[in-house]
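Each chain, letter by letter, is given below.
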Amino acid sequence: MLSKWLKPATHNQQSRFAPKTLALLAIFAASYALPSHALNVFVCEPEWGALVRAHAPHANIYAATTSRQDPHYVQARPSLISQMRRADLAVCSGAELEIGWLPMLQARSNNAKVQDGQSGMFYASEYVAMLDTHDHVDRSMGDIHAHGNPHVQFAVKDMPRISTALTARLVDIDPDNARQYQANGIRFRGHWHRQITQWEEVAEPLQGLNVVGYHGTYRYLFDWLGIAQVGDLEPKPGLSPTNAHIHSLAQLGADAVDLIVYSSHQDSRPASWLQQRIDKPVLELPLTVEGDQSLTEMIDIVIGDLLKQTGKQTHLPVQ
Ligand SMILES: [Zn+2]
């Protein structure tokens, strides 16, 4: 029955417009409604993929690393080079986190857009009030981050500044979609500011907590929430834990430490060795987002896990 009613309409259309005209109209409509091509965005770490998605949901995002990889040490594989070659924008932590592999990708990509100083190369740490900067660096300090701590995915207070800068960069690269990027940026920052208020409220019991960490991964988060990292499983930044060093940490005494923390991409054994000596809980925290998680979910999980493991609180407020 339906086809009976549709047929005359189709017939009328064909009689009024030649097929070639219709095809041209279709092409014009498609090119008018869609951007010339979806942006190709290369992110060094998954957390920046989540940030880009919140601002440019139609972008093709390729993450160079996963939550199980150490972002300090990555092999500059051909697949990474070819992804870098087609990128309109690359988003990385910067501050030398990726110094062992990103410069090689940039050089081998032959892509002028993603070289340092170009609008297609975005370093999140440039918009963060850096912690642990050093005036003087030498080999005796270990494999240290001379330009400050680059693990800025947990620089919660500075995330709105990163968002503002990323929005401006997207507008610069793809002005046709400027209004969309600006609206998404405003939405992200509004949501994030409301989250900060909630997170600070719910995490208040964590103030004064003494933690032995494993590298400076949560430095910004701890600083924000008033948590002290009283020891590090690494004898020096970037150096693997040793028995002698774990022994020296045990000398801190059980009263000086509330919790031992390591990250999802790290070996859990050094934390267990220290636990055997001082009998304090061990907690694995995420390094970054998993799958399609948002940055908000990542921070929710970290704060929720800290609260649970320390017995301070067992739930987050309903979103
Ligand atoms: Zn590091």
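Let me sum up the structure you'll find in this document. Keep in mind the model is a prediction, meaning the values are calculated, not measured.

Reading the values: the criteria
- Residues numbered from 1 in each chain as written.
- Predicted model: local features only at pLDDT ≥ 70, side-chain atom pairs only at ≥ 80, totals over all residues.
- Heavy atoms only, no water.
- Buried < 20%, exposed > 50% of the residue type's maximum accessible area, 1.4 Å probe, protein only.
- Helix = DSSP H or I, 4+ residues; strand = E, 2+ residues; numbered from the N terminus.
- Arc of directions from axis to C-beta.
- Core = buried A, V, L, I, M, F, W, Y, C linked by side-chain atoms within 4.5 Å.
- Donors = N, O, S within 2.8 Å, 3.2 Å for Na, K, Ca; no water.
- Tetrahedral: all angles 85-135°; square planar, octahedral: opposite > 155°, others 65-115°.
- 1 Å grid on protein atoms, 1.4 Å probe; cavity = no way out; pocket = protein on both sides within 12 Å on 5 of 7 lines; lining within 4 Å.
- Points joined across faces, edges and corners; volume = space filled by probe spheres on them.
- Polar contact = N/O pair within 3.5 Å; in protein donor to acceptor, adjacent residues only side chain to side chain.
- Contact = heavy atoms within 4.5 Å.
- Pairing = 2+ DSSP bridges.
- Axes fitted to C-alpha atoms, helices over the stretch in contact; angles between N-to-C directions.
- Right-handed = clockwise from strand over helix to strand, strands pointing away.
- Nonpolar A, V, L, I, M, F, W, Y, C, P; charged D, E, K, R; others polar.

1. Regarding helix α4 (residues 78–85)
Side chains of residues three or four places apart in an α-helix project in the same direction, reflecting 3.6 residues per turn.
Next, step 1: Taken residue by residue, α4 has L80, I81, Q83 and M84 as its buried positions. In a view along the axis of α4, the buried residues occupy a sector of 165 degrees, so they form one face of it.

2. What about the nonpolar core?
Next, step 1: Counting residues in each nonpolar core, the largest one holds 56 residues, and the members touching the most others are L221, I299 and L306.
Next, step 2: C44, L80, A90 and V114 belong to the second largest nonpolar core, which has 17 residues in total.

3. What to know about the coordination of the zinc ion
Ideal values differ by geometry: the angle at a metal is 109.5 degrees with four tetrahedral donors, but 90 or 180 degrees with six octahedral donors.
Next, step 1: For the zinc ion, every protein donor is listed as H72 (NE2), H145 (NE2), H151 (NE2) and H215 (NE2), and the spread of their distances is 2.0 to 2.1 Å.
Next, step 2: Angles of 96 to 126 degrees at the metal separate the four donor atoms of the zinc ion, which places the site in the tetrahedral class.
Next, step 3: Mapped onto the sequence, the donors of the zinc ion take the spacing H-x72-H-x5-H-x63-H. Taken together, the positions of H145 in the loop between β4 (121–123) and α6 (159–173) and H215 in the loop between β5 (210–213) and α8 (219–225) put the pair 70 residues apart, joining distant regions of the chain. Each member of the pair, H145 together with H215, is buried.

4. Digging into empty space enclosed by the protein
Sizing a probe to match a water molecule and rolling it over the atoms shows the empty space that remains.
Next, step 1: A complete count under the given rule lists one cavity of 30 Å³ or more for this structure.
Next, step 2: The calculated volume of the largest cavity comes to roughly 50 Å³.
Next, step 3: As for the largest cavity, its lining consists of E45, P46, E47, T65, T66, Q69, P71, Q153, L287 and T288.

5. Looking at the side chain of N40
Next, step 1: Within the secondary structure layout, N40 lies in strand β1 (residues 40–43).
Next, step 2: Separated by 3.0 Å, the side chains of N40 and N60 make a polar contact.
Next, step 3: A distance of 3.3 Å separates the side chain of N40 from the backbone oxygen of R86, its partner in a polar contact.
Next, step 4: Residue contacts for N40: discarding those within four places in its chain leaves N60, R86, A87, D88 and L89.

6. Brief notes about the sheet that holds β1
Next, step 1: Ordered in space as β2-β1-β3-β4, the four strands form an open sheet in which the pairing is parallel. The two strands at the open ends of the sheet, each matched to only one other strand, are β2 (60–63) and β4. Ignoring which end each strand starts from, the neighbouring axes of this sheet average 20 degrees apart.
Next, step 2: Pairing geometry for β1 and strand β3 (residues 89–92), over three bridges, is parallel. Of the residues in β3, the one forming a bridge with V41 is L89.

7. As for the pairing of β1
Next, step 1: Neither face of β1 is open: one carries N40 and F42, the other V41 and V43, and all of them are buried.
Next, step 2: Strand direction decides the pairing type here: β1 and β2, joined by four bridges, are parallel. Directly across from V41, in β2, lies its bridge partner I61.
Next, step 3: Once the chain exits β1 it traverses helix α3 (residues 46–55) before rejoining the sheet at β2, and the crossover so formed is right-handed.

8. Examining the layout of surface pockets
Next, step 1: For the largest pocket, the calculated volume is near 330 Å³.
Next, step 2: D132, N149, G216, D232 and P237 are, among the 18 residues lining the largest pocket, the residues nearest its centre.
Next, step 3: Among the elements of the structure, α8 and β6 (228–232) are those that each provide at least two residues to the lining of the largest pocket.
Next, step 4: The residue inventory of the lining of the largest pocket, partitioned by class, reads four nonpolar, eight polar and six charged.

9. With respect to the sheet that holds β6
Adjacent strands of a sheet pair through backbone hydrogen bonds, lying either parallel or antiparallel.
Next, step 1: Taking strand neighbours across the sheet as the criterion, the four strands line up as β6-β5-β7-β8 in an open arrangement whose pairing is parallel. One side of each edge strand has no neighbouring strand; the edge strands of this open sheet are β6 and β8 (282–285). Strand-to-strand twist of the sheet, defined as the mean angle between neighbouring strand axes without regard to direction, takes the value 35 degrees.
Next, step 2: As defined by bridge partners, β5 adjoins strand β7 (residues 259–263) across two bridges and the pair is classed as parallel.

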